[in-house]
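Here are the chains, one letter per residue:
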Amino acid sequence: MTELAGLLLVRHGQSVGNVADDNARAAGAHRLDLDHRDADTPLSESGVGQARAVGAWLGGLPEDARPTVWLTSPYRRAADTATAALEAAGDTEPGGGAGGPGLLTDERLRERDLGILDGFTGRGIRERYPEEAERRDRIGKFYYRPPGGESWTDVLLRVRYLLTDLRQQYAGERVCVFSHQAVIMCFRVALEQLAEEEVLRVDREDPLPNCSVTIYRQRQLAPRQHRPGRHESVGHHPGSAGLELHSYADTTAVERGHAPTTRESPSGNEEAAR
């Protein structure tokens, strides 16, 4: 089985959309006060500081733990986080060359598309689209697809395709990915085989902080040989090669850089902020 040596998943820094979402919820507003499309949402001042902090932490990793491949979502808040982090790391340039690898962009890492619900708070959805709020409650957050948008399972499908490509193209490499909350949670489903109830519980009770780092390392083979049964997955057996979770939502880098730790408040079935 071809496998990555390691995988680091970094959520983007706090964005002006995250700030607008907090403000809209606090005010009981129906919509976020934003004047640009989701893909163009920039980082807040705090988000820039978080990105630099995670970059300094990455640059201080031992040589045998430092990422060798860098990928980002094309959305501005993630791409700007990646660029600032690589510059702060000091040993690579975002454009490639000069002694370091380049920053690659992959559209499969983009944020989940909320379709007609984009820009609305949970309260706004219930007021403007009550039939969609009812349908979401009935179907559940994992499988619900808003009109013109994506479900979590749609995001999961592109994450699975991306993982297949990464394993084929970068076997033995340490890959660092800059992306979004729902995308990183879908990586957890794909890599850990989490059930719907479990991943939604984690997302609800422990929302992913901005610029937190989730790390997977290659599982070591068990000393004894194991022959999988007919219906047993070779890649996910505890005694077989594969990636296993080392740490989730780690904010050490942000804290060491004296940047603020920010995240969405636990919000039940509310739509995730931008």
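Parameters at a glance
Residues numbered from 1 in each chain as written. Predicted model: local features only at pLDDT ≥ 70, side-chain atom pairs only at ≥ 80, totals over all residues. Heavy atoms only, no water. Helix = DSSP H or I, 4+ residues; strand = E, 2+ residues; numbered from the N terminus. Buried < 20%, exposed > 50% of the residue type's maximum accessible area, 1.4 Å probe, protein only. Contact = heavy atoms within 4.5 Å. Areas by Shrake-Rupley, 256 points an atom, 1.4 Å probe, with all protein chains shown as cover. pLDDT = per-residue confidence, 0-100. Pairing = 2+ DSSP bridges. Phe/Tyr/Trp six-rings, centres within 6.5 Å; stacked < 30°, edge-to-face > 60°. Lys NZ or Arg CZ within 6 Å of the ring centre and 35° of its normal.

Draft legend 1. Here's a closer look at the overall build of the protein. Within the protein, the secondary structure is distributed over 9 helices and 6 strands. Looking at the protein as a whole, 52% of its 274 residues qualify as buried. Considering only residue pairs separated by 6 or more positions, the protein has 81% of its internal contacts joining residues 24 or more positions apart. Counting only carbon and sulfur atoms, one obtains 46% of the accessible surface of the protein, whose full area is about 12800 Å².

Draft legend 2. Representation of the confidence of the model for the protein in the model. Of all residues in the protein, 85% have pLDDT values of 70 or greater, and the mean over the chain is 89. Throughout residues 226–240 the model reports pLDDT below 50, and contacts reaching past four residues in sequence, or to other chains, amount to 19 contacts.

Draft legend 3. Seen up close, the pairing of strand 5 (residues 213–218). Across 5 bridges, the pairing between strand 1 (residues 6–11) and strand 5 is antiparallel. In the sheet register, Leu-9 faces strand 5, and the bridge partner there is Thr-214. In the sheet, strand 5 pairs with strand 6 (residues 243–250) via 5 bridges, with the strands oriented antiparallel. Among the inter-strand pairings, Val-213 is bridged to a residue of strand 6, identified as Asp-250.

Draft legend 4. Focus on unusual backbone geometry. One non-glycine residue, Cys-211, lies in the positive phi region at around 60 degrees. Mapped onto the elements of the fold, Cys-211 is located in the loop between helix 8 (196–205) and strand 5. On the accessibility criterion, Cys-211 (0% relative accessible area) is buried. Its identity as a non-glycine residue notwithstanding, His-258 has a phi of 60 degrees, on the positive side. Here His-258 is to be found in the segment after helix 9 (252–256).

Draft legend 5. Structural context of the packing of aromatic side chains. Going through the model one piece at a time under the given rule, you end up with 4 aromatic pairs. Each ring, one from Trp-70 and one from Phe-178, has its centre 6.5 Å from the other, and the planes form 15 degrees; the classification is stacked. With Trp-70 in strand 2 (residues 69–72) and Phe-178 in strand 4 (residues 174–179), this residue pair connects regions lying 108 residues apart in the sequence. The pair formed by Trp-70 and Phe-178 is uniform in burial state, with each residue classed as buried. Each ring, one from Phe-142 and one from Tyr-143, has its centre 5.1 Å from the other, and the planes form 85 degrees; the classification is edge-to-face. One aromatic cluster in this structure is built from Phe-142, Tyr-143 and Trp-152. The ring of Phe-120 is capped by Arg-31, whose NZ or CZ atom sits 4.4 Å from the centre of that ring. Lying over the aromatic face of Tyr-248, Arg-188 brings its terminal NZ or CZ to 4.5 Å of the ring centre.

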